[in-house]
Amino acid sequence: MKNYDGIALFSGGLDSILAARLVMEQGKAIKCLHFFSPFFGHPGRVAHWCKEYGLDIDTVDVSAEFVELLKRGPAHGYGSAMNPCVDCKIVMMTRARELMDKYGAKFIVSGEVLGQRPMSQRRDTLNAIRRDAGVRDVLLRPLCAKLLDPTPMEESGLVDREKLLGFNGRGRKDQLALAEHFGITEIPTPGGGCKLTEKENTRRFWPVLSRLDVPTVNDFRLADTGRQFWMGDFWLAVGRHKYDNEIYADLQQSSDLHFKLVGFPGPIAIGRSSRAWDAEAVQKAAALVASYSPKAVKAGEEGTLVGVRVTQNGQQHIVHITPRRESDFAEPTWEAARDELYALRKPAKKSDEQTDSDQA
Ligand code: SF4
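Here is what the cut-offs are and how they apply
- Residues numbered from 1 in each chain as written.
- Predicted model: local features only at pLDDT ≥ 70, side-chain atom pairs only at ≥ 80, totals over all residues.
- Heavy atoms only, no water.
- Helix = DSSP H or I, 4+ residues; strand = E, 2+ residues; numbered from the N terminus.
- Buried < 20%, exposed > 50% of the residue type's maximum accessible area, 1.4 Å probe, protein only.
- Contact = heavy atoms within 4.5 Å.
- Areas by Shrake-Rupley, 256 points an atom, 1.4 Å probe, with all protein chains shown as cover.
- Lys, Arg positive; Asp, Glu negative; His and termini not counted.
- Charge placed at Lys NZ, Arg CZ, Asp CG, Glu CD.
- Domains from an automatic or database assignment.
- Buried area = accessible area lost by both parts, 1.4 Å probe.
- Salt bridge = Lys/Arg side-chain N within 4 Å of Asp/Glu carboxyl O.
- Polar contact = N/O pair within 3.5 Å; in protein donor to acceptor, adjacent residues only side chain to side chain.
- Phe/Tyr/Trp six-rings, centres within 6.5 Å; stacked < 30°, edge-to-face > 60°.
- Pairing = 2+ DSSP bridges.

Novice: Please explain the overall build of the protein as it appears in this structure.
Specialist: Tallying secondary structure elements over the protein gives 13 helices and 11 strands in all. The C-alpha extent of the protein, read off along each of the three principal axes, is 80 × 45 × 35 Å. For the protein, the proportion of its 360 residues judged to be buried stands at 52%. For the protein, long-range pairs separated by at least 24 residues make up 66% of all intrachain contacts whose partners lie at least 6 apart in sequence. When the accessible surface of the protein is split by element, carbon and sulfur atoms take 50% of a total near 16,400 Å². The centroid of the 49 positive side-chain charges in the protein is displaced by 1 Å from the centroid of its 48 negative side-chain charges.

The following block contains the structure:
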């Protein structure tokens with residue numbers, strides 16, 4: 001574990017592959033770290049990446065740090081959706097710094113390219129990340145190093161500055177040429193697949209952050225699974241298929257309401273809130289859950305009340321309802337999330353605007 005010269009932030013994107021390989025080409029032993037959370041990362045792909053790109057990769061779970069970041073609110077703001085890219089980089093680099101000793105690393109490698117991202121890869125934000133993560137003396141950005149001041153690693157000769165690069169801007173031509181130089185044929189598509197940059201996922205995640213008192217990693221995983229409905233601060237997640245139900249079984253907490261139809265096939269649903277559910281909210285939730293069972297809907301149309309078993313803290317009771325899709329429980333919308341997110345923005349100078357996605 002202590003035999004590495006450096007550790008590299010590894011998202012799985014092309015820049016992160018090239019940055020690690022470029023430093024490895026100087027004969028340096030590099031351990032790549034793939035950070036993951038409910039919002040980004042593909043730990044299941046690590047074995048493939050190791051083989052395909054000739055890298056040595058460990059995974060690092062930053063879920064807890066990331067949820068803490070969202071709860072306190074990103075100091076550098078959100079991007080085009082719920083992506084706090086600058087603060088995200090600070091979280092990852094801070095964690096990387098903590099892990100240096102474990103690997104015996106003398107520096108951290110990052111694949112950022114000056115001017116490539118409108119939010120986190122401007123010169124001022126690159127400097128802010130380096131400063132706020134406390135990595136000023138150990139951070140090497142090999143793909144754009146020649147456009148930045150020399151680092152202590154270059155000044156001491158630990159890394160040969162002449163063999164580093166000066167990539168700049170959003171184009172991929174230079175990266176593709178370097179990939180060819182390394183014999184890399186499987187080129188990842190641009191964009192790291194971070195869910196926080198996507199409207200569909202922001203509409204799922206934002207109510208968790210804005211309507212629960214103390215959001216947790218578990219909450220964000222639940223928000224990422226199945227159909228999502230909110231009525232004020234009552235939250236109902238309805239499974240779409242067996243796979244969702246299996247995830248719900250894993251995520252369910254004793255304080256949750258667990259909804260299951262009696263005598264009819266239908267979805268599993270989880271009710272969650274920071275406050276106690278009242279009888280009316282339970283009835284409305286049960287009616288909506290039952291509306292996803294065609295047989296229960298048919299029974300309801302024939303005038304039969306449908307039973308839904310509600311379990312909480314080991315106690316069960318059955319509510320009798322008519323299945324009803326029209327409900328005060330509504331799916332959260334991107335537009336509502338966007339309006340609340342944008343209201344949090346500080347008035348931006350023209351040069352400061354964060355109007356684009358900032359995929360790692
Ligand atoms: S897009 Fe990348 S930098 Fe931005 S929040 Fe997501 S993982 Fe972090």
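Novice: Which parts of the structure should I look at to understand the domain arrangement of the protein?
Specialist: Many structure descriptions define interface size as the accessible area lost when the parts assemble. The domains assigned to the protein are domain 1 (6-195) and domain 2 (198-321). Between the C-alpha centres of domain 1 and domain 2 there is a distance of 39 Å. Contact with domain 1, which involves 13 residues of that partner, is made by 13 residues of domain 2. Between domain 1 and domain 2, a total of about 1,200 Å² is buried, with carbon and sulfur atoms accounting for 70% of that surface.

Novice: Explain the pattern of salt bridges to me, please; I cannot follow it from the model alone.
Specialist: It is possible for side chains of opposite charge to pair when their charged atoms get near one another. Summed over the entire model, instances satisfying the criterion amount to 24 salt bridges. Among the ionic pairs, glutamate 68 bridges to lysine 71, the shortest N-O distance being 3.0 Å. With glutamate 68 and lysine 71 both in helix H3 (residues 63-72) and 3 residues apart, the pair spans about one turn of that helix. One connected set of salt bridges, linked through shared partners, spans Glu200, Arg203, Arg204 and Glu331.

Novice: Would you explain the side chain of threonine 125 in this entry?
Specialist: Among the structural elements, threonine 125 can be located in helix H5 (residues 123-132). Classification of threonine 125 as buried rests on a relative accessible area of 7%. One polar contact links the side chain of threonine 125 to the main-chain carbonyl oxygen of serine 120, over a distance of 3.5 Å. Those residues within four positions of threonine 125 in sequence are excluded, and the remaining contacts are Val86, Met119 and Ser120.

Novice: Could you clarify how one ought to interpret the packing of aromatic side chains in this entry?
Specialist: Working definition: an aromatic ring pair is given by the centre-to-centre distance plus the angle between the planes. According to the stated counting rule, one finds 13 aromatic pairs in the structure shown. Note on phenylalanine 39 and phenylalanine 205: the rings are 5.0 Å apart at their centroids and 85° apart in plane angle, and the pair reads as edge-to-face. Of this pair, phenylalanine 39 sits in the loop between strand E2 (30-36) and helix H2 (46-53) while phenylalanine 205 sits in helix H8 (residues 199-211), and the two are 166 residues apart along the sequence. No difference in accessibility class separates phenylalanine 39 from phenylalanine 205, as the two residues are buried.

Novice: What exactly am I supposed to notice about the pairing of strand E8 (residues 257-261) here?
Specialist: On any regular strand, side chains alternate: one points to one face of the sheet, the next to the other face. In terms of burial, E8 is a largely internal element, 4 of the 5 residues being buried. As judged from the 3 bridges shared by E8 and strand E9 (residues 269-272), these two strands associate in the antiparallel manner. Across the sheet, the residue bridging to leucine 257 is glycine 271, located in E9. Alignment of E8 against strand E10 (residues 306-312), held across 4 bridges, turns out to be antiparallel. Bridging from a neighbouring strand, leucine 261 pairs with valine 308 of E10.

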